[in-house]
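Each chain, written out:
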Amino acid sequence: MNLEKYELAGDELEIVKYPDPVLSKKASEVTDFGPGLQKLVKDMLFTMYHAPGIGLAAPQVGQSLRLFVLDVEYDREEMTNSRGEDDWKLSNFNPKVFINPVLTGNSGTTTYEEGCLSVPGVYEEVKRYQAVHVKYQNLKGEFEEMEADDMLSICIQHENDHLEGIVFIERLSNLKKNFYKKKMAKEKAAR
Ligand code: NI
(Lines give C-alpha, C1' and ligand atoms only; values in the text may rest on other atoms or scores of the structure.)
Protein backbone atom coordinates (compact mmCIF):
# COMPACT_ATOMS: atom_id res chain seq x y z
CA MET A 1 0.00 0.00 0.00
CA ASN A 2 1.27 3.40 -1.00
CA LEU A 3 0.95 5.71 1.97
CA GLU A 4 2.77 8.74 0.60
CA LYS A 5 1.93 11.93 2.46
CA TYR A 6 0.30 9.86 5.16
CA GLU A 7 2.19 10.45 8.37
CA LEU A 8 -0.07 8.51 10.71
CA ALA A 9 1.03 5.03 9.61
CA GLY A 10 0.55 2.42 12.34
CA ASP A 11 -0.18 -1.26 12.75
CA GLU A 12 -2.99 -3.04 10.99
CA LEU A 13 -5.62 -4.29 13.44
CA GLU A 14 -7.94 -7.21 12.89
CA ILE A 15 -11.45 -6.07 11.96
CA VAL A 16 -14.15 -7.88 13.94
CA LYS A 17 -16.93 -9.35 11.80
CA TYR A 18 -20.65 -9.41 12.53
CA PRO A 19 -22.13 -11.13 14.61
CA ASP A 20 -19.22 -10.82 17.08
CA PRO A 21 -20.72 -9.82 20.49
CA VAL A 22 -18.50 -6.69 20.79
CA LEU A 23 -20.44 -5.20 17.85
CA SER A 24 -23.73 -5.47 19.77
CA LYS A 25 -22.43 -3.91 22.99
CA LYS A 26 -22.89 -0.29 24.06
CA ALA A 27 -19.32 1.10 24.18
CA SER A 28 -17.78 2.84 27.20
CA GLU A 29 -16.78 6.48 27.49
CA VAL A 30 -13.09 7.24 26.77
CA THR A 31 -11.48 8.65 29.93
CA ASP A 32 -7.77 8.04 29.34
CA PHE A 33 -6.28 10.32 26.67
CA GLY A 34 -2.78 8.90 27.17
CA PRO A 35 -0.36 7.22 24.74
CA GLY A 36 -2.55 4.08 24.54
CA LEU A 37 -5.37 6.11 22.99
CA GLN A 38 -3.02 7.93 20.57
CA LYS A 39 -1.68 4.56 19.42
CA LEU A 40 -5.17 3.06 19.05
CA VAL A 41 -6.29 6.00 16.87
CA LYS A 42 -3.19 5.76 14.66
CA ASP A 43 -3.70 2.03 14.23
CA MET A 44 -7.42 2.47 13.53
CA LEU A 45 -6.70 5.06 10.82
CA PHE A 46 -4.04 2.83 9.28
CA THR A 47 -6.45 -0.13 9.37
CA MET A 48 -9.28 1.95 7.85
CA TYR A 49 -7.10 3.22 4.97
CA HIS A 50 -5.64 -0.22 4.43
CA ALA A 51 -9.08 -1.88 4.11
CA PRO A 52 -9.81 0.59 2.39
CA GLY A 53 -12.85 2.07 4.10
CA ILE A 54 -14.18 5.54 4.97
CA GLY A 55 -14.97 4.97 8.64
CA LEU A 56 -14.02 2.68 11.51
CA ALA A 57 -15.34 2.56 15.08
CA ALA A 58 -13.35 1.20 18.03
CA PRO A 59 -15.73 -1.78 18.62
CA GLN A 60 -14.86 -2.93 15.08
CA VAL A 61 -11.30 -3.58 16.24
CA GLY A 62 -12.53 -5.23 19.44
CA GLN A 63 -12.23 -2.15 21.69
CA SER A 64 -15.56 -1.28 23.29
CA LEU A 65 -14.81 2.46 23.50
CA ARG A 66 -16.75 5.53 22.34
CA LEU A 67 -14.53 6.60 19.50
CA PHE A 68 -14.40 6.44 15.73
CA VAL A 69 -12.24 7.65 12.88
CA LEU A 70 -13.32 8.57 9.38
CA ASP A 71 -12.19 10.15 6.14
CA VAL A 72 -14.84 10.72 3.49
CA GLU A 73 -12.55 12.76 1.26
CA TYR A 74 -9.41 10.80 0.39
CA ASP A 75 -8.74 9.55 -3.13
CA ARG A 76 -8.29 5.85 -3.90
CA GLU A 77 -6.75 4.67 -7.12
CA GLU A 78 -6.25 1.02 -8.07
CA MET A 79 -2.65 0.27 -9.05
CA THR A 80 -0.11 -2.51 -9.36
CA ASN A 81 2.63 -2.45 -6.73
CA SER A 82 6.33 -3.27 -7.16
CA ARG A 83 5.59 -6.96 -6.51
CA GLY A 84 3.07 -7.00 -9.37
CA GLU A 85 0.08 -7.26 -7.02
CA ASP A 86 -3.17 -5.28 -7.17
CA ASP A 87 -2.96 -2.49 -4.62
CA TRP A 88 -4.37 0.94 -3.84
CA LYS A 89 -2.69 4.29 -4.21
CA LEU A 90 -4.18 6.64 -1.64
CA SER A 91 -3.85 10.43 -1.51
CA ASN A 92 -5.41 13.65 -0.20
CA PHE A 93 -5.96 12.34 3.32
CA ASN A 94 -8.27 14.23 5.64
CA PRO A 95 -8.58 12.01 8.74
CA LYS A 96 -11.09 12.96 11.44
CA VAL A 97 -11.25 11.55 14.95
CA PHE A 98 -14.38 11.68 17.13
CA ILE A 99 -14.00 10.74 20.79
CA ASN A 100 -17.07 10.47 23.06
CA PRO A 101 -19.30 11.86 20.30
CA VAL A 102 -22.86 12.98 21.02
CA LEU A 103 -25.32 13.78 18.24
CA THR A 104 -27.08 16.90 19.51
CA GLY A 105 -29.20 17.89 16.51
CA ASN A 106 -30.37 16.78 13.09
CA SER A 107 -32.35 17.85 10.06
CA GLY A 108 -33.72 16.38 6.85
CA THR A 109 -33.51 12.81 5.63
CA THR A 110 -31.43 11.05 3.01
CA THR A 111 -30.76 7.50 1.87
CA TYR A 112 -27.46 6.05 0.80
CA GLU A 113 -26.22 2.57 -0.07
CA GLU A 114 -24.08 1.76 2.95
CA GLY A 115 -21.53 -0.94 3.58
CA CYS A 116 -19.48 -1.85 6.64
CA LEU A 117 -16.03 -3.39 7.09
CA SER A 118 -17.57 -5.68 9.75
CA VAL A 119 -20.27 -6.89 7.34
CA PRO A 120 -18.28 -7.69 4.20
CA GLY A 121 -20.13 -7.98 0.89
CA VAL A 122 -23.39 -6.38 2.07
CA TYR A 123 -24.51 -3.05 0.59
CA GLU A 124 -27.99 -1.73 1.33
CA GLU A 125 -29.78 1.60 1.35
CA VAL A 126 -30.25 3.05 4.83
CA LYS A 127 -32.35 6.07 5.74
CA ARG A 128 -30.42 8.70 7.73
CA TYR A 129 -30.60 12.37 8.69
CA GLN A 130 -29.26 14.62 5.94
CA ALA A 131 -27.42 16.77 8.50
CA VAL A 132 -26.33 16.27 12.10
CA HIS A 133 -24.72 18.38 14.77
CA VAL A 134 -22.08 16.49 16.73
CA LYS A 135 -20.20 17.35 19.92
CA TYR A 136 -17.08 15.33 20.66
CA GLN A 137 -13.56 15.40 22.09
CA ASN A 138 -10.37 15.52 20.05
CA LEU A 139 -7.21 13.49 20.73
CA LYS A 140 -6.11 16.02 23.37
CA GLY A 141 -9.44 15.65 25.17
CA GLU A 142 -10.59 19.14 24.12
CA PHE A 143 -14.29 19.62 23.37
CA GLU A 144 -15.25 20.44 19.79
CA GLU A 145 -18.42 20.49 17.75
CA MET A 146 -19.38 20.53 14.10
CA GLU A 147 -22.26 20.59 11.69
CA ALA A 148 -21.99 17.79 9.13
CA ASP A 149 -24.06 17.05 6.05
CA ASP A 150 -24.23 14.56 3.17
CA MET A 151 -21.49 11.85 3.23
CA LEU A 152 -19.88 13.16 6.40
CA SER A 153 -23.25 13.16 8.18
CA ILE A 154 -24.12 9.65 6.94
CA CYS A 155 -20.72 8.32 7.99
CA ILE A 156 -20.93 9.94 11.45
CA GLN A 157 -24.37 8.35 12.02
CA HIS A 158 -23.18 4.93 10.81
CA GLU A 159 -20.09 5.02 13.04
CA ASN A 160 -21.99 6.45 16.01
CA ASP A 161 -24.41 3.53 15.70
CA HIS A 162 -21.44 1.17 16.25
CA LEU A 163 -20.88 2.84 19.65
CA GLU A 164 -24.50 2.00 20.55
CA GLY A 165 -24.04 -1.62 19.48
CA ILE A 166 -26.00 -1.13 16.25
CA VAL A 167 -24.71 -2.53 12.95
CA PHE A 168 -26.32 -0.98 9.82
CA ILE A 169 -28.18 -4.16 8.88
CA GLU A 170 -30.24 -3.65 12.08
CA ARG A 171 -31.70 -0.58 10.34
CA LEU A 172 -33.06 -2.56 7.37
CA SER A 173 -36.56 -4.06 7.02
CA ASN A 174 -37.19 -7.16 9.17
CA LEU A 175 -37.08 -9.32 6.05
CA LYS A 176 -33.65 -8.10 4.95
CA LYS A 177 -32.33 -7.95 8.51
CA ASN A 178 -33.24 -11.59 9.17
CA PHE A 179 -31.85 -12.66 5.80
CA TYR A 180 -28.46 -11.05 6.49
CA LYS A 181 -28.36 -12.19 10.12
CA LYS A 182 -28.80 -15.81 9.01
CA LYS A 183 -26.30 -15.40 6.18
CA MET A 184 -23.64 -13.86 8.47
CA ALA A 185 -24.20 -16.50 11.18
CA LYS A 186 -23.70 -19.23 8.58
CA GLU A 187 -20.55 -17.58 7.27
CA LYS A 188 -19.21 -17.27 10.80
CA ALA A 189 -19.88 -20.95 11.47
CA ALA A 190 -17.98 -21.80 8.26
CA ARG A 191 -14.85 -19.82 9.31
NI1 NI B 1 -19.66 -0.03 10.03
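Let us look at the structure shown here. Along every chain, residues carry numbers that run from 1 in the direction the sequence is written. In keeping with the model being predicted, local features are shown solely for residues with a pLDDT of at least 70 and side-chain atom pairs are shown and tallied solely at 80 or more, while totals for entire chains, interfaces and linings include all residues. Side-chain calculation: all heavy atoms of the structure are included, whereas hydrogens and water are not.

A few words now on the pairing of strand S5 (residues 96–116). A pair of strands is labelled paired if DSSP reports no fewer than 2 bridges between them. Here a helix means four or more residues in a row that DSSP labels H or I, a strand means two or more in a row labelled E, and each is numbered from the N terminus. As paired elements, strand S2 (residues 67–70) and S5 share four bridges and run antiparallel to each other. Considered in S5, the bridge of Leu 67 is made with Ile 99. Pairing geometry for S5 and strand S6 (residues 119–137), over 13 bridges, is antiparallel. The residue bridging Glu 114 from the neighbouring strand is Glu 124, located in S6. In this structure, the hairpin formed by S5 and S6 is closed by a connection of two residues.

The next point concerns unusual backbone geometry. With an omega dihedral of 10°, the bond running from Tyr 18 to Pro 19 counts as a cis peptide bond. As for its placement among the helices and strands, Pro 19 is situated in the segment before helix H1 (35–50). In this structure, Pro 52 follows Ala 51 across a cis peptide bond, with omega equal to -15°. Phi is positive for Asn 100, close to 50°, though the residue is something other than glycine. Within the secondary structure layout, Asn 100 lies in strand S5. Three exposure classes are used, based on accessible area relative to the maximum for each residue type with a 1.4 Å probe and protein chains only: buried under 20%, partly exposed in between, and exposed over 50%. Residue classification places Asn 100 among the buried positions, given a relative accessible area of 8%. Its identity is not glycine, yet Asp 150 carries a phi of approximately 50°, on the positive side. Along the polypeptide, Asp 150 turns up in helix H2 (residues 150–163). When its relative accessible area of 43% is taken as the criterion, Asp 150 is described as partly exposed.

What follows covers H2. To estimate the expected span of a helix, count its residues, drop one, and scale the result by 1.5 Å. Helix length check: H2 (14 residues) gives 20 Å between terminal C-alpha atoms against 20 Å at 1.5 Å per residue, within 8%. In terms of burial, H2 is largely enclosed, as 12 of its 14 residues are buried. Looking only at H2, the buried set comprises Leu 152, Ser 153, Ile 154, Cys 155, Ile 156, Gln 157, His 158, Glu 159, Asn 160, Asp 161, His 162 and Leu 163. Only heavy atoms matter for contacts: two residues are in contact if any of them lie within 4.5 Å across the pair. Packed against the buried residues of H2 are strand S1 (55–57), S2, S5, S6 and strand S7 (143–149). A positive backbone phi angle near 80° is found at Gly 165, which sits one or two residues after H2.

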